[in-house]
Amino acid sequence: MPGRGGPSVFVVGSINQDYVLSVERRPKAGETLTGASLATHPGGKGANQAVAAALLGAPVAMLGRVGDDPAGASLRAGLAARGVDTAAVQAVPGAPTGAAFITVTPAGENAIVVAPGANLRLGPGGVDAVAGAIRAAAVLVAQLEVPVETVERAVAVAAGAATLVVLNLAPPRPVPGDLLAGVDVLVVNQHEAGFLLDREVAGVEAAGRAAEELRRRGPRAVVVTLGASGAVLADGGGPDHAPAPRARVVDTTGAGDAFVGALAAKLARGAPLREAVAQGVRAGAAAVEGVGAQGSFPTPSDLEAVHEPAAPTAVSPPRPPPRRPWRGR
C-alpha cells in the first residue's frame, strides 16, 4: 500500500563494504592464523534490508551516507542496480565508507566487527530533508548502525502519518522509552533480546516470554528471531511461533536482514503481521544457503523453492493482556 506515489518501504540506515574472511576456525587471543580466503560484498544492515525488500517487489527508497571514495560510489550504484531509490544516499567528503570485517567458519557461523565511518554522519537533519517521503511510505525500516538520535527523528516523523515503523534493534544498545513507544514492530534476535532484558534468551518458550516482556516496554508488536528455529511473535494475541524451513547453511551473514526486508515488503502490501513474519522466516532460511548478504537474498521464485517449515512449537500462554493490541494502522 504505497502512499501518495512514494515508496512503499523507506529505509533509514547504514551502508557498508563487507570484508568476509572464510576461516577454518576463529583465532584465539594473540594467535595468528593463515590460509583464510577473502571476499568483498556490499553490506550494512540498512542497505541489506533495503535490497531484501526490493528483491521481493517492494518499491524501496533509502536514506544513508557513504564516503567520498570508490567503495561508496560502488555501493550506491549497487543499491540502484538492485532497485533501491538512492536519491537520499549522499557521499560525505573526508569520511570513509563504513566497513564490516566478518569471519565465517565452515559451519556458516559469523562474527562481525564494524567500523561505521560515514554512517555516523547521518544526522536528524538528513531525516528532515526526506520527511515527506517517509510520511508517504507504507513502512519505515530502521536499525541502530546510525546515530540513535537520527532513528528517533525518523520514528517521530513516521508517527505523524500512517506509516508503520519497523525497528530492528541491532546492534543492541539502550534506547529511550519514547523511541520504543513509537515502534509498531520491534525485531530482535535472541541475543539482542537477552541484552535488552539482561538475561539469556534461548529457545522458543524463552523467546515467547521475552517478546511479551519487551512488548510491555512500548512496541505494539515484538518479533524475536531464532535462526534455525524460526521466530516468535507477540502482538497482543499471545506469543506465536513461526518455524523455519529446512536449510543447508553456508553463511548466516545477512539472514536477519533478509528477514526484516521480507517482513517489511509483506507489510507494505497490507498483509497481516503473522503472514509477514512467516515470509521473513522463509527469506532468512533462503539467505543462509548463499554466500555473503545481498547476493544471497531471495526473489519471489526463490521463496517458492524453500522447503516447507516444521510444525510450530507451542509457546507458553501470555501474561496479563497488553495495553495496545496490534491492529496495524
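Residues numbered from 1 in each chain as written. Predicted model: local features only at pLDDT ≥ 70, side-chain atom pairs only at ≥ 80, totals over all residues. Heavy atoms only, no water.

Description of the nonpolar core
- Counting 48 residues, the largest nonpolar core has Val139 and Val277 as the members making the most contacts within it.
- Considering every element that reaches this core, the biggest residue donor is helix α9 (residues 255-268), with nine residues.
- Ignoring sequence-local partners within four residues, the contact set of valine 277 consists of Val223, Ala231, Leu233, Ala242, Phe259 and Leu263.
- Core analysis: the next-biggest nonpolar cluster, separate from the first, contains 45 residues, Phe10, Leu180, Ala193 and Ala207 among them. (Core = buried A, V, L, I, M, F, W, Y, C linked by side-chain atoms within 4.5 Å. Buried < 20%, exposed > 50% of the residue type's maximum accessible area, 1.4 Å probe, protein only. Helix = DSSP H or I, 4+ residues; strand = E, 2+ residues; numbered from the N terminus. Contact = heavy atoms within 4.5 Å.)

What about the pairing of strand β6 (residues 98-104)?
- For β6, a buried count of six out of seven residues is recorded, marking the element as mostly surrounded by other parts of the structure.
- Two strands pair when backbone bridges link them, and strand β2 (residues 16-22) and β6 are joined in this way by seven bridges, in the parallel orientation. Each residue of the ladder has a partner; that of leucine 21, found in β6, is threonine 103.
- Joining the antiparallel neighbours β6 and strand β7 (residues 110-115) is a turn of five residues, in which glycine 108 adopts a positive phi near 90°. (Pairing = 2+ DSSP bridges.)

What about the confidence of the model for the protein chain?
- In the predicted model, the protein chain carries a mean pLDDT of 88, and 89% of its residues have values of at least 70.
- Confidence over residues 1-5 falls short of pLDDT 50; this stretch has 12 contacts with residues more than four positions distant or in other chains.
- Long-range and interchain partners of residues 318-325, a stretch whose pLDDT sits below 50, account for 18 contacts in this model, where long-range means more than four residues apart. (pLDDT = per-residue confidence, 0-100.)

Looking at helix α7 (residues 190-197)
- When you tally the buried positions in α7, you get six out of eight residues, the bulk of the element.
- Inspection of α7 places Gln190, Glu192, Ala193, Gly194, Leu196 and Leu197 among the buried residues, and these make up the whole buried set.
- If you follow the buried residues of α7, they end up packed against β9 (164-168), β10 (185-189), α8 (204-215) and β11 (221-225).
- Residue asparagine 189 occupies the N-cap position of α7, its side-chain oxygen lying 3.0 Å from the main-chain nitrogen of histidine 191.
- With its phi angle positive at about 60°, aspartate 198 sits one or two positions after the end of α7. (Polar contact = N/O pair within 3.5 Å; in protein donor to acceptor, adjacent residues only side chain to side chain.)

Here we look at helix α2 (residues 70-81)
- In a regular helix each residue adds 1.5 Å, so 12 residues correspond to 16 Å; α2 covers 16 Å between its end C-alpha atoms and thus fits that length.
- Within α2, burial applies to Gly72, Leu75, Gly78 and Leu79. Looking straight down α2, one finds that the buried residues subtend no more than 130° of arc, so they occupy a single side. Facing away from the buried side of α2 by more than 90 degrees, the exposed set consists of Pro70, Ala73 and Ala81.
- Turning to α2, the residues buried within the fold contact β2, β3 (37-43), α1 (45-55), β4 (60-67) and β5 (84-92).
- Where α2 terminates, the next one or two residues include glycine 83, which has phi positive at roughly 95°. (Expected span 1.5 Å × (residues − 1). Arc of directions from axis to C-beta.)

Describing the environment of leucine 263
- As for its placement among the helices and strands, leucine 263 is situated in helix α9.
- A relative accessible area of 0% means that leucine 263 is categorised as buried.
- Along the backbone, leucine 263 and leucine 273 are 10 residues apart, and their C-alpha atoms lie at a distance of 8.2 Å.
- Excluding residues within four positions of it along the chain, leucine 263 makes contact with Val166, Ala276, Val277 and Gly280.

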